[in-house]
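# Remarks on the overall topology
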Amino acid sequence: MLYLSRSDIEHIAGRITADYTRLPQFDGQGTDRIDPYTLAHDLLGLSIDHYRLSKNGAILGLTANSEVGVEVYGDNGEPCIYYLDGKTLLVEKELVSDPAQRGRYNFTVLHEVAHQILDRMAPQEQGGYRCRVMYYRGIVQQHPAQDWGEWQADNMASALLLPAFAVNAALSKFGLEGGFDILNRIYRPKEYQRFCDVADYLGASRQALAIRLRRLGLLKTEYLRNPQAMVDVEKDGDG
């Protein structure tokens, strides 16, 4: 298996997003954000298709490094076989039909793109011509990672969807230039709303953007899951 550091991943993703900005459709006008379909299809020559990938929605995406049949589910709920060709990404159909899942959909596409990139970089280490199917379940991989391949794909997806140039441009656009210290929807509502506007503009989930901002040094502390925890921390500090 190919083992890359976060710095390695940032460097690779930076080269790819730089190539993305030089695509013919951006000539003369530029672009300040990443469209996952354009990056996957126009830059890397990958196809994207949508099916129910599991009965309970646990699998969000999958791809393979060679031709193989995988089980998916039709509109009637019955299983059927989809034949991957080694350059197709399958994404859970329910993510497409729900506008609230746009950020999750975009991240899933780029997670599968990342697997394709990693396989192309080291085909022998990644399995060579032996069939390997990569399933994505949307579980955040911590560091040190239990599954190094998934950790690398998660980090590359983040760097591809939210490159520093796009994040900084969006922050400036919505009045958060240079980042901010605390993200809290109750106690910092104005900053929080601007943060949400940035996430929507970039096509990212709020959680994905918060993680990326912290990694880029543009956010110190976030209270997305439990905004009341900020008060608890301050009380402990006063004690």
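Just above, that's the structure.
This section reports on the structure supplied with the text.

What counts, and where the lines are drawn
- Counting of residues starts from 1 at the beginning of each chain's written sequence and follows it residue by residue.
- Local features in a predicted model are, by the rule used here, given only for residues with pLDDT of at least 70; side-chain atom pairs are given and counted only at 80 or more, and totals for whole chains, interfaces and linings are based on all residues.
- Working from all heavy atoms in the structure, the side-chain values ignore hydrogens and water.
- Axis definition: a line fit to C-alpha positions, over the contact stretch in the case of helices; interaxial angles, taken between N-to-C directions, run 0 to 180 degrees.
- Helix and strand definitions here come from DSSP, where helices need a minimum of 4 consecutive H or I residues and strands a minimum of 2 consecutive E residues; each element is numbered from the N-terminal end.
- Under this scheme an angle from 65 to 115 degrees is roughly perpendicular, one under 35 degrees roughly parallel, and one over 145 degrees roughly antiparallel; angles in between are oblique.
- Note on convention: near helix rotated counterclockwise from far helix by under a right angle means a left-handed crossing. Clockwise means right-handed.
- Whether two residues touch is decided by their heavy atoms; if any such pair falls within 4.5 Å, the residues are in contact.
- Charged residues are taken to be Asp, Glu, Lys and Arg, nonpolar residues to be Ala, Val, Leu, Ile, Met, Phe, Trp, Tyr, Cys and Pro, and polar residues to be all remaining types, Gly included.
- Here, any two strands with at least 2 DSSP bridges between them count as paired.
- Salt bridges are counted wherever a side-chain nitrogen of Lys or Arg sits within 4 Å of a carboxyl oxygen of Asp or Glu.
- Each residue gets one of three labels from its accessible area relative to the maximum for its type: buried under 20%, exposed over 50%, partly exposed in between, using a 1.4 Å probe on protein chains only.
- Put simply, two rings from Phe, Tyr or Trp (the six-membered ring, in Trp's case) pair if the centres are within 6.5 Å, and we call them stacked under 30 degrees between planes, edge-to-face over 60, tilted for the rest.
- Only buried residues count toward a nonpolar core. Its members are Ala, Val, Leu, Ile, Met, Phe, Trp, Tyr and Cys residues joined through side-chain atoms within 4.5 Å.

## Thoughts on the packing of helix 1 (residues 6–21) against helix 6 (residues 148–161)
Angle between the axes and distance between the axes: these two values describe a pair of packed helices. Closest axis-to-axis distance for the helix 1/helix 6 pair is 9 Å, and the angle between their directions is 40°. When the axis of helix 1 is compared with that of helix 6, the two are oblique. The interaxial crossing formed by helix 1 with helix 6 has right-handed handedness. Facing R6, I9, E10, I12, A13, I16 and T17 of helix 1, the residues of helix 6 in contact are W151, Q152, N155, M156, A159 and L160. Here the residues of the contact of helix 1 with helix 6 sort into eight nonpolar, three polar and two charged.

## Overview of the packing of helix 7 (residues 164–173) against helix 8 (residues 189–202)
Contact geometry for helix 7 and helix 8: axes closest at 9 Å, N-to-C directions at 135°. Viewed along their axes, helix 7 and helix 8 adopt a mutual orientation that is oblique. Seen from above, helix 7 lies across helix 8 with right-handed handedness. On helix 8, the residues that touch A166, V167, A170, L171 and K173 of helix 7 are V198, Y201 and L202. Looking at the contact of helix 7 with helix 8 residue by residue, the class counts come to seven nonpolar, no polar and one charged.

## As for the sheet that holds strand 1 (residues 47–51)
If you walk across this open sheet you meet the four strands as 1-5-2-6, and the pairing is mixed. Among the strands making up the open sheet, the edge pair consists of strand 1 and strand 6 (133–136). Strand-to-strand, the axes of this sheet are offset by a mean angle of 20°, without reference to chain direction. With four bridges joining them, strand 2 (residues 61–64) and strand 6 adopt antiparallel strand pairing. Looking at strand 6, one finds that G61 is bridged to Y136. Against the sheet, helix 4 (residues 102–121) engages strand 1, strand 2, strand 5 (88–92) and strand 6, with an angle of about 150° to strand 5.

## Some points on the pattern of salt bridges
The full count for this structure, using the stated rule, is seven salt bridges. D19 is the partner of R22 in a salt bridge, and the nearest nitrogen-oxygen pair spans 2.7 Å. For R22, a relative accessible area of 59% translates into the label exposed.

## Structural notes on the packing of aromatic side chains
The geometry of an aromatic ring pair comes down to the distance between the two centres and the angle between the two planes. Taken as a whole, this structure holds eight aromatic pairs when the rule is applied. Seen in terms of ring centroids, Y3 and W148 are 5.8 Å apart; in terms of plane orientation they differ by 50°. Their pairing is tilted. Linking Y3 in the segment before helix 1 with W148 in helix 6, this pair joins segments that are 145 residues apart in sequence. The class of Y3 is exposed, set by a relative accessible area of 55%. On the basis of relative accessible area, W148 is assigned to the partly exposed category, the value being 21%.

## Some details on the nonpolar core
In this structure, L39, V113, L160, F195, L202 and L213 are the most contacted members of the largest nonpolar core, which totals 58 residues. At eight residues, the largest contribution of residues to this core is made by helix 4. Leaving out residues up to four positions away in the same chain, L213 has contacts with V167, L171, F180, F195, L218 and L219.

## A look at the pairing of strand 2
Residues G61 and T63 point to one face of strand 2 and L62 and A64 to the other, with burial holding for every one of them. Relative to strand 5, strand 2 is paired through three bridges, and the arrangement is antiparallel. Within strand 5, the position partnered with G61 by the bridge is V91.

## Examining the environment of Q152
With respect to the helices and strands, Q152 occurs in helix 6. Take Q152: its relative accessible area is 1%, and that puts it in the buried class. Sequence spacing of Q152 and Y3 is 149 residues, and the spatial spacing of their C-alpha atoms is 8.1 Å. Non-local contacts of Q152, meaning those with residues more than four positions away in its chain, are made with L2, Y3, L4, I9 and L118.

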